[in-house]
Amino acid sequence: MGPVEKAVRDDVEQLGDLVGVEPSLTELAFTLARRVDRAAMAECETCGEAIAQEDRLLPQLTRELRQTLAQIVEGRAADDDDDLGDLGSPY
């Protein structure tokens, strides 16, 4: 597991129970994070050590990962706003 995937998994773990489409969005985020890690690093064919590499898909992958994580967080924010939404109501 690379550093981006580990960070995404740690962040998702802090969310607690996943509801609705959150499980599928988080699986997508894990897959994208894994792909970002692979795109950023390669293995030297001679010595087997990790080396940085150029990958044309990296910017697109990172944008998609950010958007996916934002969808998860936005879904949470909508649920949280409803907690005090009825304060103005007399009933």
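One structure accompanies this document, and this report is about it.

Definitions and limits used
Residues numbered from 1 in each chain as written. Predicted model: local features only at pLDDT ≥ 70, side-chain atom pairs only at ≥ 80, totals over all residues. Heavy atoms only, no water. Salt bridge = Lys/Arg side-chain N within 4 Å of Asp/Glu carboxyl O. Helix = DSSP H or I, 4+ residues; strand = E, 2+ residues; numbered from the N terminus. Buried < 20%, exposed > 50% of the residue type's maximum accessible area, 1.4 Å probe, protein only. Expected span 1.5 Å × (residues − 1).

1. Regarding the pattern of salt bridges
Any two side chains of opposite charge can pair, on the condition that their charged atoms come close.
Thought 1: Inspection of every chain in the model, using the stated rule, returns 4 salt bridges.
Thought 2: Of the charged contacts in the structure, one is a salt bridge between arginine 9 and glutamate 5, with a shortest N-O distance of 3.0 Å. Note that arginine 9 and glutamate 5 are positioned in helix H1 (residues 3-15) at a spacing of 4 residues, about one turn of the helix.
Thought 3: Judged by relative accessible area, arginine 9 falls into the partly exposed class, the value being 28%.
Thought 4: With a relative accessible area of 5%, glutamate 5 lands in the buried category.
Thought 5: When the shortest N-O distance is used, the salt bridge between arginine 34 and glutamate 5 registers 3.3 Å. Here the residue arginine 34 occupies a position in helix H2 (residues 22-40), and glutamate 5 occupies one in helix H1, the gap between them amounting to 29 residues.
Thought 6: What makes arginine 34 partly exposed here is its relative accessible area of 27%.
Thought 7: Linked by salt bridges that have partners in common, Glu5, Arg9 and Arg34 make up one network.

2. Quick look at H2
Thought 1: Along its 19 residues, H2 runs 26 Å from first to last C-alpha, staying within 8% of the 27 Å computed at 1.5 Å per residue.
Thought 2: For H2, the complete set of buried residues consists of Glu22, Leu25, Thr26, Ala29, Phe30, Leu32, Ala33, Val36, Asp37 and Ala39.

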